[in-house]
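Summary of structural features
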Amino acid sequence: MSIRNLEHAFHPKSVALIGASDSAGSVGRIVMRNIVDGGFEGEIWMVNPKYNTVDGRVCFHSVQDIPGVPDLAVIVTPPETVPDLIRHLGEKGTRAAVVITAGLDDANGLRQKMLDAARPYMLRILGPNTVGLVLPHAKLNASFAHLDAKPGEIALLSQSGAIVTSLIDWAADNQIGFSHIVSLGDMADVDVADCLDILAGDAGTKAIVMYLESIPHPRKFMSAARAAARLKPVIVVKPGRHSEAAKAAATHTGALSGADRVADAALHRAGVLRVRGLAELFDATETLARFPVQERVRVGIVTNGGGAGVLAVDQLMDNKGELAALSTSTMACLNQCLPQSWSHANPVDIVGDAPPERFKAAVEAVAADPGVDVILVFNCPTGLASPIDAASAVASLSNSGKIRGKPVFACWLGERVAREGRSVLLDAGIASYETPAAAANAISYLSDWSNAQRALMRVPGSRHDDKCSDREAVYKLFHRAASEGRRLLTEPEAKAAIAAYGIPVPMTHVAKSVEEVERKAEELLSKGGKLVVKLLSKSLTHKSDVGGVVLDVATPGAAREAAAIVTRVSKMRPDAHVDGFTVQPMIMRKQAQELILGTSQDPVFGPVVLFGAGGTGVEFFDDTAVSLPPLDDVLAGDLIDGTRIGRLLAGFRDRRAAHRASIIDAITAVSQMVIDFPCLVSMDINPLLADADGIVALDARIEINPDALKRSGPNPDLAIRPYPSSWQKDVSLGEAIYHVRPIRPEDVNLYPPFLVNVSQHDLRLRFLSPRQAFSDDALRRLTQLDYDRDMAFVALDKESGELAGIARLSSDPDREIAEYAVLVRTDLQGRGLGWQLLLQLINFAKAEGIRQMEGLILSDNKIMLKMCREFGFTISRDASDRSVMRATLDL
């Protein structure tokens, strides 16, 4: 259901506490006190059949007795009572509940009974087994947390109640506030994706921090996370980096976590920033609570101890940060106010005996430098100066944690007196950290989101679906294996499959007998070079492990001897069925790197693509990176760059760089195979040789699920929806032919000439107000969609390739309503292209199960209003703006 009815939980006007109690130490009493003491200004109703009054308030014996309809119910009663309470609340009209109660699980059936009771009323449930819900701006603390939270602009989502209470406690000491605190509990109904969806559009939330142990509904999560992360920073701690921790997390939440590298790849793909631990989450929360994110973060450092500055620079460089280059005028100013022995560089070491005046002067000078975006100040304790006085000097320059409008970060090292110094800084709004590394990490959060956005919005140069692939040939190979009851393809079959998608392979000859091996060898050796003889078996996966590969075969006789490998195999694997041999030219490329490329299935995120260093030692070297398909050339390049061997492929010493475009083509080819074949379980191309002349796959292994062969693509198991290539068509309008297809990221290059040919009048009609220009970022956002909730179709002139029109559809997460818009180039209007684009949107919306399309149209846009009436839209005047008409079409 996603965000349906969640507004009742996130913006309640009335609350009912079911299980309110006067009993000391009970959860019902703690939650009641938190709600009442928090100052919630709406109606509060207490419910408990044991009491007539609770804390001096009327207590109703049942839900039915409540004199009004609660927006939100908070339930703290025994687990067996919860399903009936949910049903009674639904009947009364309540549409959201926080179930703090634990013990509703699949084993006792109560979890499902609760959900069944809620379903007829679309009543949304947070929990069960949750600490509760805290909405500081609404003065609602519907939880059993030990402290209330201050209002702020950070939203916290956590699957762990202990993390919720720990963060509330920490925030109280650090004067940090929250917009929402949601303890997700067991996520029987409302999950993290639902919360991301509603918080993405919340104007009072500037950033979202999360603690996640598992990720249910991966495609839903990825769509929600990508939508939220494009609008505001989203930071997550996800434990389970090691298998033991993952098992512990799974036991705690009742859901398996994905392999950590895959989870990391998914979060990176979504634009979510991942931090390692709770301390980093605290630091990230403090940074984002105090300062907005920045496009560029050039750091100026002032310290009275050189070592602290050096440590900070190290960490800053590890984080790909930027040390500011101080201007000539700043250096002159520092020369005047600092002793001769200062460092004469950034970090600005003002020497250990620095009095408060020196701290103040140095910080002022650095803050005034136009090349400095952020100031980092260190104090190392000495017997020559007071840390408290130094803190007071820096604090005197602060205006809400900024100096000259630039964020200030501080690190007062040591304990005792340093603690008092940190308190002085905190009172001035200056973020303070205990170690140089923590301070440098905190600074990185200011730029990490901007960096992630830049990475997300890079435009690919080409797409694999423009390249040749023979899907039908591969299907026949898979079908033949399935008809024989096989899951594994033979090596020749696997090579033929990847060759059909454009990955080069050496010519491979199959020989059924030793004698045929010798004849094939003689034929091939007459052309020069050497050969490789391999065992051919439908039941053996890794031939090298059993000695089933012989290299450097130079004569027909040696080839015959190589075929004796059958004898070795029969001894090592008597269960293996030998089908013959393969004979192929030995590829001699001395400067080539051995790579591995393939795909596998993650239990949470589905298919993943793997790339890295290959060869027989692939597991030993463990130099691989993974990514979620679909992949374009930019993402494929990122996959290469995520490995150590990626640096070797760029060339070194006398070795030329490998042909990067060929490797990228191979990666995107594998990605396309994953999209096209839901039956593809795993694939290994190892080794894939790569050098300056290109690539060649020397060996390949493919496993399929025969039962899934009839499932047609695109693969429904993908966590990210692939490009919907089936939604393409040609439209003939008069003498012109237009190709209508879903938009692609590289279409950003078509926008500038298109907009030149759109009048200001038409832009006003499309965007409901005058629009003078579009930034590069705005154009990228218009062309980069996840195709799950947002869709855009472009109409391209078939002859020139120019952009002629665009139609856009944006659905809410529930797929109830989708807003549409159409824009046709001014000089091409009146030919029927707008009609064709709107028809394409309607057909797509119907196929997606969207229930209603809606468009906002200026009342003077007569052409669009006429077209809508012809399509059967209902036209009404918008209640909030009389100059706007609302067109709706029930699908």
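What comes next concerns the included structure. What you see is a predicted model; the values in this text were computed from it and never measured.

Right, let's talk about the overall build of the protein chain for a bit. Looking only at helices and strands, the protein chain has 30 helices and 39 strands in total. For a compact globule of 891 residues, the expected C-alpha radius of gyration is about 29 Å, and the protein chain comes in at 32 Å, within 12% of that figure. A burial count over the protein chain gives 56% of its 891 residues as buried. For the protein chain, the proportion of contacts with a sequence separation of at least 24, taken over those separated by at least 6, is 71%. Surface exposure of the protein chain reaches about 36900 Å², of which carbon and sulfur atoms provide 51%. Across the protein chain, the centroid of the 96 positively charged side chains sits 3 Å from that of the 108 negatively charged ones.

So, on to the packing of aromatic side chains. Under the criterion given, the structure shown has 14 aromatic pairs. Each ring, one from Phe 409 and one from Tyr 433, has its centre 6.0 Å from the other, and the planes form 20°; the classification is stacked. With Phe 409 in strand β20 (residues 406–412) and Tyr 433 in the loop between β21 (431–432) and α16 (436–456), this residue pair connects regions lying 24 residues apart in the sequence. Take Tyr 433: its relative accessible area is 1%, and that puts it in the buried class. Ring plane angle 55° and centroid distance 6.4 Å describe the contact between Trp 727 and Phe 793, whose orientation is recorded as tilted.

Together, Lys 862, Arg 869, Arg 877 and Arg 882 make up a region of like positive charge exposed at the surface. Owing to a relative accessible area of 40%, Arg 877 belongs among the partly exposed residues under this scheme.

Taken in spatial order, the seven strands make up an open sheet running β9-β8-β11-β10-β12-β13-β14, and their pairing is mixed. The sheet is open, and its two edges are formed by β9 (140–143) and β14 (273–275), each paired on a single side. Direction aside, the axes of adjacent strands within the sheet are offset by 25° on average. Along the sheet face, helix α5 (residues 161–174) touches β10 (150–158), β11 (177–183) and β12 (207–211) and points at about 165° away from the line of β11.

Moving on, we get to the sheet that holds strand β22 (residues 509–511). The sheet built from four strands is open, its strands ordered β22-β25-β23-β24 with antiparallel pairing. A single partner strand is all that each edge strand has here, and the edge strands are β22 and β24 (549–553). Across the sheet, the axes of successive neighbouring strands diverge by a mean angle of 25°, strand direction being ignored. Relative to β24, strand β23 (residues 531–536) is paired through three bridges, and the arrangement is antiparallel. Considered in β24, the bridge of Val 533 is made with Val 550.

Right, let's get into the pairing of β10. As paired elements, β10 and β11 share seven bridges and run parallel to each other. Counterpart to Ser 158 in the pairing with β11 is Ser 183. The handedness of the β10 to β11 crossover, carried by α5, is right-handed. When β10 meets β12, the two strands line up parallel, connected through five bridges. Bridged to Ser 158 within β12 is Tyr 211.

Moving on to the packing of helix α10 (residues 278–290) against α16. Taken N-terminus to C-terminus, the directions of α10 and α16 make an angle of 50°; their axes are 9 Å apart at the nearest point. Relative to α16, α10 is oriented oblique. In this structure, α10 crosses over α16, and the sense of that crossing is right-handed. Across the interface between the two elements, Glu 280, Asp 283, Ala 284, Thr 287 and Leu 288 of α10 pack against Ala 438, Ala 442, Tyr 445 and Leu 446 of α16. Tallied by class, residues from the contact of α10 with α16 come to six nonpolar, one polar and two charged.

In this section: the side chain of Ser 432. For Ser 432, the location among the structural elements is in strand β21. Apart from the residues lying within four places of it in its own chain, the contact partners of Ser 432 are Glu 286, Ala 410, Arg 422 and Leu 425.

This next bit is on the pattern of salt bridges. Following the criterion strictly, the structure yields 46 salt bridges and no others. Among the salt bridges present, the one from Arg 358 reaches Asp 353, with a minimum N-O distance of 2.8 Å. Using a relative accessible area of 14% as the deciding quantity, one classes Arg 358 as buried. By relative accessible area, Asp 353 is classed as partly exposed at 36%. With a shortest N-O distance of 3.0 Å, Lys 534 and Glu 491 are connected by a salt bridge. With a gap of 43 residues between them, Lys 534 in strand β23 and Glu 491 in helix α18 (residues 491–499) connect regions that are remote in the sequence.

This part takes up the environment of Ser 386. Of note, Ser 386 is situated in the loop between β18 (374–379) and α14 (387–395). Looking at Ser 386, the relative accessible area reads 26%, which means it is partly exposed. Counting along the chain gives 222 residues from Ser 386 to Val 164, while the straight-line C-alpha distance between them is 37 Å. Within the local environment of Ser 386, its side chain forms a polar contact with the backbone nitrogen of Ile 388, the two atoms lying 3.3 Å apart.

Counting residues in each nonpolar core, the largest one holds 65 residues, and the members touching the most others are Leu 157, Leu 196, Met 210 and Phe 605. Those residues in contact with Met 210 that sit more than four places away from it in its chain are Leu 157, Val 192, Leu 196, Val 234, Ile 235, Val 236, Val 237, Val 272 and Leu 281. In terms of nonpolar packing, the next biggest core, distinct from the first, is built from 54 residues, Leu 733, Val 740, Ala 792 and Leu 803 among them.

Here we take up a nonpolar patch on the surface. Taken together, the side chains of Val 27, Ile 30 and Phe 144 define a hydrophobic patch exposed on the protein surface, amounting to about 210 Å² of accessible area. For Ile 30, a relative accessible area of 33% puts it in the partly exposed group.

This brings us to helix α13 (residues 356–367). Along its 12 residues, α13 runs 16 Å from first to last C-alpha, staying within 8% of the 16 Å computed at 1.5 Å per residue. All buried positions along α13 are accounted for by Arg 358, Phe 359, Ala 362, Val 363, Ala 365, Val 366 and Ala 367.

Take the pairing of strand β29 (residues 680–691) next. Consecutive side chains along a regular strand alternate between the two faces of the sheet. Burial of β29 is extensive: 10 of the 12 residues sit out of reach of the surface. As judged from the six bridges shared by strand β26 (residues 593–602) and β29, these two strands associate in the antiparallel manner. If you follow Glu 594 over to β29, its bridge partner there is Leu 689. Summarising the sheet, β29 and strand β31 (residues 700–704) pair through five bridges and their orientation is antiparallel. If you follow Ser 682 over to β31, its bridge partner there is Glu 703. With four bridges connecting them, β29 and strand β30 (residues 694–697) associate as antiparallel partners. Within the sheet, the bridge partner assigned to Leu 688 lies in β30 and is Ala 697. Where β29 hands over to β30, the hairpin turn is made up of two residues, counted between the paired strands.

Each value, and the rule that gives it
- Counting of residues starts from 1 at the beginning of each chain's written sequence and follows it residue by residue.
- This being a predicted model, a pLDDT of at least 70 is required before a residue's local features are given, and a value of 80 or more before pairs of side-chain atoms are given or counted; all residues contribute to the totals for chains, interfaces and linings.
- Computation of side-chain values covers all heavy atoms of the structure but excludes hydrogens and water.
- We count a stretch as a helix when DSSP gives it H or I for four or more residues in a row; a strand needs E for two or more, and each element gets its number in order from the N terminus.
- Each radius of gyration reported is based on C-alpha atoms, and the globular scaling rule is 2.2 Å times the count of residues to the power 0.38.
- Throughout this description, buried means an accessible area under 20% of the type-specific maximum (1.4 Å probe, protein chains only), exposed means over 50%, and partly exposed covers the range between.
- Two residues qualify as a contact provided that any one of their heavy atoms is within 4.5 Å of a heavy atom in the partner residue.
- In short, Shrake-Rupley with a 1.4 Å probe defines the accessible areas, and a residue's cover is counted only from the protein chains shown.
- Note on charges: Lys and Arg go in the positive column, Asp and Glu in the negative column, and His and the chain ends are not counted at all.
- Where a charge lies is defined by one atom per residue type, namely NZ (Lys), CZ (Arg), CG (Asp) and CD (Glu).
- Classification of ring pairs uses Phe, Tyr and Trp, with its six-membered ring standing for Trp, and accepts pairs whose centres are within 6.5 Å; under 30 degrees between planes counts as stacked, over 60 as edge-to-face, and the remaining range as tilted.
- Each patch is built from residues lacking any salt bridge and having more than 30% relative accessible area; the joining distance is 9 Å for like charges and 5 Å for nonpolar side chains (Val, Leu, Ile, Met, Phe, Trp, Tyr).
- The salt bridge definition used is simple: a Lys or Arg side-chain nitrogen within 4 Å of an Asp or Glu carboxyl oxygen.
- Note on pairing: DSSP must find at least two bridges between two strands before they are called paired.
- Here the axes come from fitting lines to C-alpha atoms, over the contacting stretch only for helices, and the angles between their N-to-C directions go from 0 to 180 degrees.
- Orient the strands so they point away from the viewer, and a crossover whose first-strand-to-second-strand path over the helix runs clockwise is right-handed.
- Angle categories: roughly parallel below 35 degrees, roughly antiparallel above 145, roughly perpendicular from 65 to 115, and oblique for all the rest.
- Less than a right angle of anticlockwise turn of the near helix away from the far helix marks a crossing as left-handed, whereas a clockwise turn marks it as right-handed.
- Each residue receives one of three labels: charged for Asp, Glu, Lys and Arg, nonpolar for Ala, Val, Leu, Ile, Met, Phe, Trp, Tyr, Cys and Pro, and polar for the others, Gly being one of them.
- Pairing of N or O atoms within 3.5 Å defines a polar contact, subject to two protein rules: one partner must be a possible hydrogen donor and the other a possible acceptor, and residues neighboring in sequence count only if both atoms are side-chain atoms.
- What makes a nonpolar core is a set of buried Ala, Val, Leu, Ile, Met, Phe, Trp, Tyr and Cys residues whose side-chain atoms join them at distances within 4.5 Å.
- Under the convention used throughout, the expected extent of a helix is 1.5 Å for every residue step, that is, one less than its residue count.

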